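# Overview (structure and organization)
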Amino acid sequence: MNASYHDGEPAVVTAALTGGVHGKEANPNLPETPAEIGEAAAACELAGASVVHLHARRENGERAFSTDRFQQVADAVREATDDVILQHSTGGTAAPEDRRIEPLRTDPPPEMASLDMGPLNRYDHLTSENTRAFVDRLHGEMRERGITPELEVFNDGHLNETLAFLDRADTTDPPYLNLIFGGGTTSPPSPRRLLAHLDDVPDRAEVNVIGFGPHQLPVTTTSLLVGGHARVGLEDNCYYRRGEPATSNAQLVERTAEIAEQLGRPVATTAETRSILGL
Amino acid sequence: MAECPHLEYRETAGEQTFETARAYCAVADEFVQPMRADICTGRYGLAPSEDCEIYREAAADR
């Protein structure tokens, strides 16, 4: 990948609103119910997000995978927003594979969905396996439903897996890779590590970047400098700055949108994002 | 599926209040991440006192 801020290409900003790990106990502003998620999506769209990454929760805040619950979330988002792009999560440590496919089966299907490219450890005793067979199964269902995958690259090994996947799979063009930086199984967070990853990304690919916790702002800003895109939101980071909880998802989106503009990267409209990602 | 004997569902603890009761660890004395509850160590036949990071951290702080 050889792009940079010099090119002045629009930057896609994705808002990861809810996630499936922490909840309101970590930040009371994190939306959990369909109505809250819809409201947050609308605020993020106004702040510059063209994509919203969606998880569903049960009433007690724990993860929900059912098509019905994702339908409620998707309906609430569509009703509250103008034209934002919906991206459903298919992640789910310890969830049966059949359940992880359910978020793809809403009516209409989401335009995008996440596709984890390999295994990752969770806590001391669990691994989200994401075998190649399951990656291909999820991808097959996405293709049947016209859903564009975002390829979740949690580390260097997943980059190998992604390159092999692109060789074997009849997938969308351009491929959209999401490079993930933080602790645990994710890539160690640093600008140099991000640059090293880019050396191995196919030139035709578009690249999004996630940084967990305090790494969100530095690595997403680095991504904007090198021509990539940025995902921010309370799923990945509960704080605006050290010791100061974020007041909303939109607050994080607004900051990243402003940084992109300041760096000469206009924030992509929804139409521009559809063009960039070939949706 | 077995439950962790230390996992409770509460609406209120300290200054935190929720409309729906949610996962609370009686060992750590705090609400825990929802995902920590739905993939709780106790639900996998493991021993919380030996295998749960939250339990071990709380015990170490005592």
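Structural data are supplied above this passage.
Residues numbered from 1 in each chain as written. Chains lettered and ligands numbered in written order. Predicted model: local features only at pLDDT ≥ 70, side-chain atom pairs only at ≥ 80, totals over all residues. Heavy atoms only, no water.

### Details of the overall build of chain A
Tallying secondary structure elements over chain A gives nine helices and 14 strands in all. Its C-alpha atoms give chain A a radius of gyration of 17 Å, near enough to 19 Å, the size a compact globule of 279 residues would have. With the C-alpha coordinates aligned to their principal axes, the bounding extent of chain A is approximately 45 × 40 × 40 Å. Here chain A holds 279 residues, and the buried ones make up 61% of them. When contacts within chain A are restricted to residue pairs at least 6 apart in sequence, long-range pairs at least 24 apart make up 72% of them. When the accessible surface of chain A is split by element, carbon and sulfur atoms take 48% of a total near 11,000 Å². In chain A, the 24 positive side-chain charges and the 43 negative ones have mean positions that sit 5 Å from each other. (Helix = DSSP H or I, 4+ residues; strand = E, 2+ residues; numbered from the N terminus. Rg over C-alpha atoms; globule rule 2.2 N^0.38 Å. Buried < 20%, exposed > 50% of the residue type's maximum accessible area, 1.4 Å probe, protein only. Contact = heavy atoms within 4.5 Å. Areas by Shrake-Rupley, 256 points an atom, 1.4 Å probe, with all protein chains shown as cover. Lys, Arg positive; Asp, Glu negative; His and termini not counted. Charge placed at Lys NZ, Arg CZ, Asp CG, Glu CD.)

### So, the interface of chain A and chain B
Frequently, the measure chosen for interface size is the accessible area that the parts lose on association. The partner chain B presents 22 residues to the 21 residues of chain A that form the contact. Buried surface at the junction of chain A and chain B, both sides included, amounts to about 1,800 Å², of which 54% is carbon and sulfur. When the area that chain A buries against chain B is broken down by residue, the three leading residues are Glu25, Glu62 and Tyr123 of chain A, summing to 36%. At the junction of chain A with chain B, the criterion picks out three salt bridges. At the boundary of chain A with chain B, the tally comes to nine residue pairs in polar contact (both at pLDDT 80 or more). Across the side of chain A that touches chain B, the residue classes tally to four nonpolar, seven polar and 10 charged. (Buried area = accessible area lost by both parts, 1.4 Å probe. Salt bridge = Lys/Arg side-chain N within 4 Å of Asp/Glu carboxyl O. Polar contact = N/O pair within 3.5 Å; in protein donor to acceptor, adjacent residues only side chain to side chain. Nonpolar A, V, L, I, M, F, W, Y, C, P; charged D, E, K, R; others polar.)

### Concerning the packing of aromatic side chains
The geometry of two aromatic rings is summed up by the distance between their centres and the angle between their planes. This structure, assessed with the given rule, holds two aromatic pairs over all chains. The interplanar angle of 85° and the centroid separation of 4.8 Å between the aromatic rings of phenylalanine 18 of chain B and phenylalanine 31 of chain B together place this pair among those described as edge-to-face. Of this pair, phenylalanine 18 of chain B sits in strand β2 (residues 16–25) while phenylalanine 31 of chain B sits in strand β3 (residues 30–31), and the two are 13 residues apart along the sequence. In this pair, the class of phenylalanine 18 of chain B matches that of phenylalanine 31 of chain B, namely buried. Summarising the aromatic geometry, the rings of tyrosine 24 of chain B and phenylalanine 31 of chain B are spaced 5.4 Å apart at their centres and angled 80° between planes, so their arrangement reads as edge-to-face. Grouping residues by exposure puts tyrosine 24 of chain B and phenylalanine 31 of chain B together as buried. The structure contains a cluster of three or more aromatic residues connected by ring pairs, namely Phe18, Tyr24 and Phe31 of chain B. One Lys or Arg, arginine 255 of chain A, reaches over the ring of tyrosine 240 of chain A and ends 4.1 Å from the middle of that ring. Above the face of the tyrosine 123 of chain A ring, arginine 36 of chain B is positioned so that its terminal group lies 3.8 Å from the ring centre. (Phe/Tyr/Trp six-rings, centres within 6.5 Å; stacked < 30°, edge-to-face > 60°. Lys NZ or Arg CZ within 6 Å of the ring centre and 35° of its normal.)

### Some thoughts on the sheet that holds strand β9 (residues 148–153) of chain A
All names here are of chain A. Sheet architecture is closed into a barrel: eight strands sit in the order β1-β2-β5-β6-β9-β10-β11-β12, paired in parallel fashion. The average angle at which neighbouring strand axes cross in this sheet is 25°, direction not considered. As judged from the six bridges shared by strand β10 (residues 176–181) and strand β11 (residues 206–211), these two strands associate in the parallel manner. The residue of β11 that forms the bridge with tyrosine 176 is glutamate 206. (Pairing = 2+ DSSP bridges. Axes fitted to C-alpha atoms, helices over the stretch in contact; angles between N-to-C directions.)

### Digging into the nonpolar core
Residues Leu17, Val52, Leu54, Val77 and Val253 of chain A are the most contacted members of the largest nonpolar core, which totals 33 residues. Val135, Ile147, Phe165 and Val226 of chain A belong to the second-largest nonpolar core, a separate cluster that totals 27 residues. (Core = buried A, V, L, I, M, F, W, Y, C linked by side-chain atoms within 4.5 Å.)

### A few points about the sheet that holds β2 of chain B
Residue and element names in this part refer to chain B. With antiparallel pairing, the three strands of this open sheet are ordered in space as β1-β2-β3. On the outer flanks of this sheet lie β1 (7–13) and β3, each paired with one strand and no other. One ladder, built from six bridges, connects β1 with β2; its direction is antiparallel. Bridged to alanine 13 within β2 is glutamine 16.

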